[in-house]
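What follows is each chain in one-letter form.
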Amino acid sequence: MAVKVASEWLNSCSGCEIAILNLGETLLDVLEQIEFVHMPALLDHKYFGQKGEREIHKLEIPKATVGIISGGIRNEEHVEVAEAMRRNCDIIVALGTCATHGGIPALINQFSNAALFDRVYRESETTDPHEDPADPVLPVTLDRSYALDEKIHVDLFLPGCPPHPDWIEEAIRALLEGRAPQLPEKSVCDTCPTIKEGKGKLKKLHRFTRNAHFDANRPVSAMRCLLEQGLPCMGPVTRAGCAGRNGEAPQCIRARVPCQGCYGPVKRDGNQLLDYLNALASNQIDLASIIDRSTLLEFSGAHGLLRSKAVGKQ
Ligand code: SF4
Ligand code: SF4
Ligand code: SF4
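Thresholds, definitions, all that
- Residues numbered from 1 in each chain as written.
- Chains lettered and ligands numbered in written order.
- Predicted model: local features only at pLDDT ≥ 70, side-chain atom pairs only at ≥ 80, totals over all residues.
- Heavy atoms only, no water.
- Salt bridge = Lys/Arg side-chain N within 4 Å of Asp/Glu carboxyl O.
- Buried < 20%, exposed > 50% of the residue type's maximum accessible area, 1.4 Å probe, protein only.
- Domains from an automatic or database assignment.
- Contact = heavy atoms within 4.5 Å.
- Buried area = accessible area lost by both parts, 1.4 Å probe.
- 1 Å grid on protein atoms, 1.4 Å probe; cavity = no way out; pocket = protein on both sides within 12 Å on 5 of 7 lines; lining within 4 Å.
- Points joined across faces, edges and corners; volume = space filled by probe spheres on them.
- Nonpolar A, V, L, I, M, F, W, Y, C, P; charged D, E, K, R; others polar.
- Helix = DSSP H or I, 4+ residues; strand = E, 2+ residues; numbered from the N terminus.
- Expected span 1.5 Å × (residues − 1).
- Polar contact = N/O pair within 3.5 Å; in protein donor to acceptor, adjacent residues only side chain to side chain.
- Near = heavy atom within 4 Å.
- Pairing = 2+ DSSP bridges.
- Axes fitted to C-alpha atoms, helices over the stretch in contact; angles between N-to-C directions.

(A) Here's a closer look at the pattern of salt bridges. Within this structure, the stated rule accounts for 16 salt bridges. The salt bridge partner of Glu170 is Arg179, with a shortest N-O separation of 2.8 Å. On the accessibility criterion, Arg179 (33% relative accessible area) is partly exposed. Measuring nitrogen to oxygen at the nearest pair gives 3.5 Å for the salt bridge that ties Glu248 to Arg254. Classification of Glu248 as partly exposed rests on a relative accessible area of 37%. According to the relative accessible area criterion, Arg254 is partly exposed, its value standing at 30%. Each of Asp29, Glu169, Glu170, Arg173, Glu177, Arg179 and Arg245 takes part in salt bridges that share partners, so that together they form one network.

Okay, here's the thing in structure tokens:
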């Protein structure tokens, strides 16, 4: 009998659901063993009854063995949906860095809700000023953006923005076979073929806006490590995985772009900002050259790591 799978998206962009589809022909193979019983990104399933008349009053998600959730938690509706998934699914998988570490949406945690609503509804150059929309037009906003495990228990974490389809496949197959998935545990640097000449020569880094020169005739393995070129590559403090399992170079490095850290910290509870500053300090690189420090938590600002600096505006 096919294993029932439910999928939900919370504070997310749907890129993680596209990554599931990017399994391609493998998905057809996997679909012989699993059945998606709920997936708002692809299936029209109403939470409160199929007629659109709210014929039931409790949010309803079908029972499933595996629940896959993308996105973090930003409002009360997300909490309700996440809790319903937890009640109805035996195993919860946090899919993507928004779910595992807050992802890009958690950048908002640098600002208070008051500052956010002022900016969006009253100070934007393109919007006529008006009051904050209230529930039910907009679900009640939480004080900040949360990773999934800050609100419900999570059994398996699949970081990545989005996760590489190889690891989604590995997670599904492992769950079907009743074993622990074999997922990358090292850093992006550990999978990077660039030339490392050693530390000590570099004293400062450029800003995050620069890329390396792209020469289509030179393989990435002939390029010097971007960090050693003075580009703030976050490979040392970022979980490997974006290269998939076929041994290619990390995705951004292939494009001669420094890693921005989209798989989150190497260890799940790591702090990319602190780890990066520590790594620079131990290489005698001037920390003052990192001007945009919150960028170091661009993908992992949940769990209270990025905080509002606003005084009196909460
Ligand atoms: S992890 Fe990336 S792809 Fe997935 S929902 Fe978040 S922003 Fe989108
Ligand atoms: S710092 Fe960047 S370029 Fe250098 S080895 Fe690590 S991932 Fe590759
Ligand atoms: S190189 Fe870094 S930012 Fe780019 S895809 Fe890989 S983990 Fe993400």
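(B) Up close: the domain arrangement of the protein chain. Split by domain assignment, the protein chain resolves into domain 1 (3–106 + 135–177) and domain 2 (184–304). For domain 1 versus domain 2, the distance between C-alpha centres works out to 29 Å. Across the contact, 24 residues belong to domain 1 and 20 residues belong to domain 2. Together, the buried faces of domain 1 and domain 2 total about 1,700 Å²; carbon and sulfur atoms form 57% of this surface. Linking domain 1 with domain 2 are 3 salt bridges, by the criterion used here. In this structure, the salt-bridge partner of Arg245 is Glu170, at a minimum N-O distance of 3.7 Å.

(C) View of the layout of surface pockets. Looking at the largest pocket, its volume works out to about 400 Å³. In terms of lining residues, the largest pocket is bounded by 23 residues, among which Cys225, Leu227, Glu228, Pro236 and Asn283 are the most central. Residue composition of the lining of the largest pocket, grouped by class: 13 nonpolar, 5 polar and 5 charged.

(D) Representation of helix 3 (residues 76–88) within the structure. Its 13 residues place the ends of helix 3 18 Å apart at the C-alpha level, agreeing with the 18 Å of an ideal helix rising 1.5 Å per residue. Listed as buried for helix 3 are His78, Val79, Val81, Ala82, Ala84, Met85 and Asn88. Where the residues of helix 3 are buried, they touch strand 1 (3–9), strand 3 (64–70), strand 4 (73–75), strand 5 (89–95) and strand 6 (141–146). For helix 3, the side-chain oxygen to backbone nitrogen distance between the N-cap and Glu77 is 3.0 Å, and the N-cap itself is Asn75.

(E) Region of the structure containing the site of ligand 3. Close contacts around ligand 3 come from Val188, Thr238, Cys242, Gln251, Cys252, Cys259, Gln260, Gly261, Cys262 and Tyr263, and that covers them all. Split into classes, the residues belonging to the shell around ligand 3 amount to 6 nonpolar, 4 polar and no charged.

(F) Spatial organisation of the sheet that holds strand 3. Here 5 strands make up an open sheet; going across it, the order is 2-1-3-5-7 and the pairing parallel. Where the open sheet ends on each side, the last strands, each with one partner, are strand 2 (34–38) and strand 7 (156–158). The mean inter-strand angle of the sheet, taken between neighbouring strand axes irrespective of direction, is 30°. In terms of strand pairing, strand 1 meets strand 2 through 4 bridges, oriented parallel. The residue bridging Lys4 from the neighbouring strand is Glu35, located in strand 2. Most of the contacts of helix 3 go to strand 5, to which it runs at about 135°, and overall it touches strand 1, strand 3 and strand 5. Strand contacts of helix 6 (residues 165–177): strand 1, strand 2, strand 3, strand 5 and strand 7, with the helix running at about 160° to strand 7, the strand carrying the most contacts.

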